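What the coordinates show
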Amino acid sequence: MTRSSLRRPRRLTAATLAITASMLLASCANSESNGGAGESADSGSALEIGMVNEQTEPGTPNKGGTLTFSGFSSVTTLDPAKSQVAGAVGGSELGAIYDSLMRYDPIEKTFVPQLAQSLEPSSDSKTWTLTLRDGVKFSDGTTLDSKAVVDSINRYVNNKGPQSSLWAAKVASMDTPDATTVIFNLVDPWTGIQSLLSTGPGMIVAPTAQQGDQFTPIGAGAFTLEKFTPNEELLLAARPDYHGGAPNIDKLKLISIVGAQPTAEALKTGGIDAAYMRTLTPILDLIESGYPGFIDIPSLGYIANVNMAEGRPGSDLRVRQAMALAIDPETLNTRVNNGNGLPGQEIFQDTSRWHNDVAPTGVDPAKAKELLDQAKADGYDGKVTFLSIQEPSSQATALAVQAMLNAVGFDVQIEYVTSASDVTKRVLVDHDYDMGTGALSLSEADPFERLYANLKTGGRNNSTGYSDPQMDVLLDQLGVATTDEDKKTVLAEIQQRATDTVPWQIWGNVPTLDVWNKNVHGLQQSIDGIMFFDEAWKE
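Throughout what follows, the structure given in this document is the object of discussion. (Residues numbered from 1 in each chain as written. Predicted model: local features only at pLDDT ≥ 70, side-chain atom pairs only at ≥ 80, totals over all residues. Heavy atoms only, no water.)

Re the environment of G270
In this structure, G270 sits in the loop between helix 6 (260–269) and strand 14 (274–277). Note on G270: relative accessible area 46%, which makes it partly exposed. Considered as a pair, G270 and N517 are 247 residues apart in the sequence and their alpha carbons are 7.8 Å apart. (Helix = DSSP H or I, 4+ residues; strand = E, 2+ residues; numbered from the N terminus. Buried < 20%, exposed > 50% of the residue type's maximum accessible area, 1.4 Å probe, protein only.)

Listed below in structure tokens is the structure:
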């Protein structure tokens, strides 16, 4: 392990939870999601965001061969407008086909142009000018020009891609003064356009890709489709005409092995060459075994959603406050993870560059009982259901939460369902639940996007029904903040407002690891755990 990645005395949680509906489905399907048992109490304390087991300069890249990558969840679609593009869900796979206009360097914490030559803001950050690289072509031989960029983004918004509502709210219009220039005219100052152009909206689909109802994955990335079996395997072939030069590897095989431990074993035996991991025990084992990789710790990785719809227990602020005061993340971490997690009630813990010193809710069972008694005096019967999948780690969480809430006077009934798809439908589609685990996994690059989508009144991913005029104002202020200093100031106010209004029950964070075998080189990290393979090669 590199010394740059050592720190004390923090501990990492092994919870594996969802970002959106598709990520919730993937996360809950992993039966090892809280599998921290068996590690010593401080086994995760040496990890922080950054590279681990950095490799020495490998020399001249080898050419040829197949690189096999195991993603966290199976790919079900190759259309960026119909997928949450993130490391855990399709981001690396789609990035290989489409590339992106921008990429994020998580070490330098800056955005860099990729298919774009440059992306420059005006002095007030209300106008952004994107200049495309010369000679970039789609895999069908047509040119990636400014019209193709605008048409692809409009297609993404019209198809209601996951980030389309934010894009529509922030971008007033797009102009194409020439074939290599796109001018984005914004509603107000906004730096988050860099983030969106690094993910789904920035993965440009060729004009020929959509023919009526028929969609063909044609992009400007380093690889082109050879074979696709949804939920099983995606096989891509290297493009000799890729604008950055032909990839070193001939083929890219993308699969998803069910379970973190089997994935780690496949890496060790050479069955796969690289993987995206979200479970602590195999992460620690791989790092201790010398495997190179990149550790990320997104914020709000281990939370509970509480339904605030009228008639639900969570509609009463006192009830939500009582829950937060009753549930001790340290106790939950001990019971679920044998003390191996990174428990806490802060939105941004001290692993994050957005960390602040605003005090969170705290744990106070006596105050929790007092607030609950007040709600009962006004007619609340104390009953609440906790939605959980019937698998060991989820059951452990549900039972621990039930015990702590019952101890202050709640009457908690656990409602078990058999699959992650059941949870997805109940929470994010039907909103038919009282309480259940989840995650936002806020990106270090730009936390605004997911905070906005999940907290804004009427937001696209606001599955709890949370609505607070003051929080709406703060979110708008965060959206127009253009410096890190200004963003941190607003984020501290958001933490305080969250402490006051309890939009979630915050229990801790979650580690992720982009990891590869020691004979693999040239993998590049981008936003949200996405990896790119255009420079990858194997010894």
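Things to note about the packing of helix 14 (residues 469–480) against helix 15 (residues 484–501)
Contact pair helix 14 / helix 15: the axes reach a minimum separation of 9 Å and the direction vectors enclose 165°. With respect to each other, helix 14 and helix 15 are oriented roughly antiparallel. Classified by chirality, the crossing of helix 15 by helix 14 is left-handed. Counted together, Q470, M471, L474, L475, Q477 and L478 of helix 14 and K487, V490, L491, E493, I494, R497 and A498 of helix 15 form the full contact between these two elements. The residue makeup of the contact of helix 14 with helix 15, split by class, is 8 nonpolar, 2 polar and 3 charged. (Axes fitted to C-alpha atoms, helices over the stretch in contact; angles between N-to-C directions. Parallel < 35°, antiparallel > 145°, perpendicular 65-115°, else oblique. Left-handed = near helix turned anticlockwise from the far one by under 90°. Contact = heavy atoms within 4.5 Å. Nonpolar A, V, L, I, M, F, W, Y, C, P; charged D, E, K, R; others polar.)

Points about the nonpolar core
If you look at the biggest cluster of nonpolar residues, it comprises 93 residues, and the most contacted ones within it are F184, L197, L451, W504 and F533. By size, the runner-up hydrophobic cluster in this structure holds 29 residues, among which are Y302, M323, A398 and A400. (Core = buried A, V, L, I, M, F, W, Y, C linked by side-chain atoms within 4.5 Å.)

Re helix 14
If you check helix 14, its first and last C-alpha atoms are 17 Å apart, about what 12 residues at 1.5 Å a residue would give, namely 16 Å. Buried within helix 14 are the following residues: M471, D472, L474, L475, L478 and G479. Down the axis of helix 14, the buried side of the element spans an arc of 165°, and every buried residue falls inside it. The secondary structure elements touched by the buried residues of helix 14 are helix 4 (164–170), helix 13 (448–455) and helix 15. (Expected span 1.5 Å × (residues − 1). Arc of directions from axis to C-beta.)

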